[in-house]
Each structure stands twice: as structure tokens, then as C-alpha cells.
Amino acid sequence: MGQRPVGSDGGGANPRSGRQETEEERADRQWGDLLQELRVAQTGVQILFGFLLAVVFQPRFADLSTADRNIYVVTVMLGSATAAALIGPVSYHRLLTGRRMKPQTVIWASRLTKLGLGLLFCTMCSTLLLILRVALHNVAALWLVGGMALWFLVCWFVFPLWAIARGDGRRPGGGGEDEDPENSDPRP
């Protein structure tokens, strides 16, 4: 039951990344990369969510308008959904460990992470909206949140997509070394 190398030439080279690795080695590498990314995101989400949970117990919370309370409830729900999506890959991996499903685990964990990043975007914008409405009491809060939302989109999505469109990180004869497991066929 030897592992077959990735690549159609049978020589072990993955033509898309130029690496000499088997399907399982590639999945292990991608899983390690994903874990590092999740550690960064999870830490920020946990801090933000802790802040959100504490807000309701502050004396000024009772003074919030109905609109601000509704924004708060939406923000807490978004924060909960974000935490679930970004912690989900750990549970997925733990439940599937030992079942020889690492490539599929990496694909689904990548999908959950992308969903978590989208939810984190919404959570950050909602949090900013709540804070700036309370701090400014005017329409400037909406403009500031809109500007920051645009900045998040540029940093998180536009720059990476621009790099893909330009072909940055591509090696001669193939794709970049850190291909998205969801957009590549993990089978040889």
C-alpha cells in the first residue's frame, strides 16, 4: 500500500508546485500551513468575542438605543458564527484523524476557513459600526465603517486576487507552491 506520488508523470513531481511529494505529504504540508493561519485568526476572534460578551454587562449598555442593541445582537451572533467556522477545522481534523482522509480534511478545513474569514469581515464591520455609533452619534460612523470595510476587502481579498491575476508566485511550468487545496485536485 505505497503512496503514489502526485503528478501525472509518475516521477513524484507535482507539476503544479514543482515539489517532490506524495498526496499525503502534500496534505500534511497544507494542513500545517492552514493551522498557522488559523492560529492568527482564532486569537483575534477570541479577543474580539470576549470584548463583545463583556459589553452587555457594562452599566452604559442600558442606555443604548434599540438600533444599537440590535446591532449588538447581530454582532454577537456574527462573532459566534465566526468562532465556530474558524474552530471548526480543528474538530473536523480530530474526528477524522486516522481515517486516511487527510486530503479531504484539508479541503473542507480550507472551506471553513474561507467562510470564517468572510464572517470575520462581517463581525469586524458590525463591531466598528456599534462602537462608532456610540462614540460619534452621527452619520460619520457609517462613512468610517464603509471606508474600513473597503480597506478590509482590499487587504484580505483584492491584493491576493490581484497577485493571482498578475501571476505572482508562479514557478516556471506550474502554479505557486502554496496552492489552495480547494482549487486543486488532491488526487494524482
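Placed above this text is the structure.
The notes below deal with the structure included here. (Residues numbered from 1 in each chain as written. Predicted model: local features only at pLDDT ≥ 70, side-chain atom pairs only at ≥ 80, totals over all residues. Heavy atoms only, no water.)

We now examine the nonpolar core. In terms of nonpolar packing, the biggest core is built from 17 residues, with F61, Y72, F121, C125 and V145 touching the most fellow members. For this core, the secondary-structure elements that each account for two or more residues are α1 (23-55), α2 (66-96), α3 (102-136) and α4 (140-166). Tallying contributions element by element places α3 first for this core, with five residues. Counting residues in each nonpolar core, the second largest holds 11 residues, with W31, L38, A41 and A83 among its members. (Core = buried A, V, L, I, M, F, W, Y, C linked by side-chain atoms within 4.5 Å. Buried < 20%, exposed > 50% of the residue type's maximum accessible area, 1.4 Å probe, protein only. Helix = DSSP H or I, 4+ residues; strand = E, 2+ residues; numbered from the N terminus.)

With that out of the way, let us pick up the packing of α1 against α3. At a minimum axis distance of 10 Å, the contact between α1 and α3 shows a crossing angle of 20°. The orientation of α1 with respect to α3, classified from their angle, is roughly parallel. With respect to the hand of their crossing, α1 and α3 are arranged in left-handed fashion. Mapping the contact onto sequence places E23, E24, A27, D28, Q30, W31, L34, L38, V45, L48, F51 and L52 in α1 and K102, P103, T105, V106, A109, S110, T113, L120, T123, M124, T127 and I131 in α3. Looking at the contact of α1 with α3 residue by residue, the classes come out as 14 nonpolar, six polar and four charged. (Axes fitted to C-alpha atoms, helices over the stretch in contact; angles between N-to-C directions. Parallel < 35°, antiparallel > 145°, perpendicular 65-115°, else oblique. Left-handed = near helix turned anticlockwise from the far one by under 90°. Contact = heavy atoms within 4.5 Å. Nonpolar A, V, L, I, M, F, W, Y, C, P; charged D, E, K, R; others polar.)

With respect to the helices and strands, the residue L153 is situated in helix α4. It is 9.7 Å that separates the C-alpha atoms of L153 and G118, two residues lying 35 residues apart in sequence.

Okay, α4 next. Its 27 residues place the ends of α4 36 Å apart at the C-alpha level, agreeing with the 39 Å of an ideal helix rising 1.5 Å per residue. The largest bend in α4 is about 40°, located at V154. Those residues of α4 lying buried are A141, V145, A149 and F152. Its buried side turned inward, α4 meets α3. Looking at the residues trailing α4, positive phi occurs at G167, about 90°. (Expected span 1.5 Å × (residues − 1). Bend = angle between axes of the 7 residues up to and from the residue.)

What follows concerns the packing of aromatic side chains. Summed over all chains, the structure comprises four aromatic pairs. With 6.4 Å between their ring centres and 85° between their planes, F121 and F152 make a pair best called edge-to-face. With a gap of 31 residues between them, F121 in helix α3 and F152 in helix α4 connect regions that are remote in the sequence. The same class applies to F121 and to F152, which are both buried. (Phe/Tyr/Trp six-rings, centres within 6.5 Å; stacked < 30°, edge-to-face > 60°.)

Of note, the phi angle at H137 is positive, near 55°, even though the residue is not glycine. Mapped onto the elements, H137 comes out in the loop between α3 and α4. A relative accessible area of 65% means that H137 is categorised as exposed.

Turning our attention to the pattern of salt bridges. A side chain of one charge can pair with a side chain of the opposite charge when the charged atoms of the two come close. Using the criterion set out here, one finds three salt bridges in the structure. A salt bridge links D68 to R133, with the shortest nitrogen-to-oxygen separation between them at 2.4 Å. Residue D68 is located in helix α2, and its partner R133 is located in helix α3; the two are separated by 65 residues in the primary sequence. (Salt bridge = Lys/Arg side-chain N within 4 Å of Asp/Glu carboxyl O.)

Function cannot be inferred from these measures alone, as they are strictly geometric.
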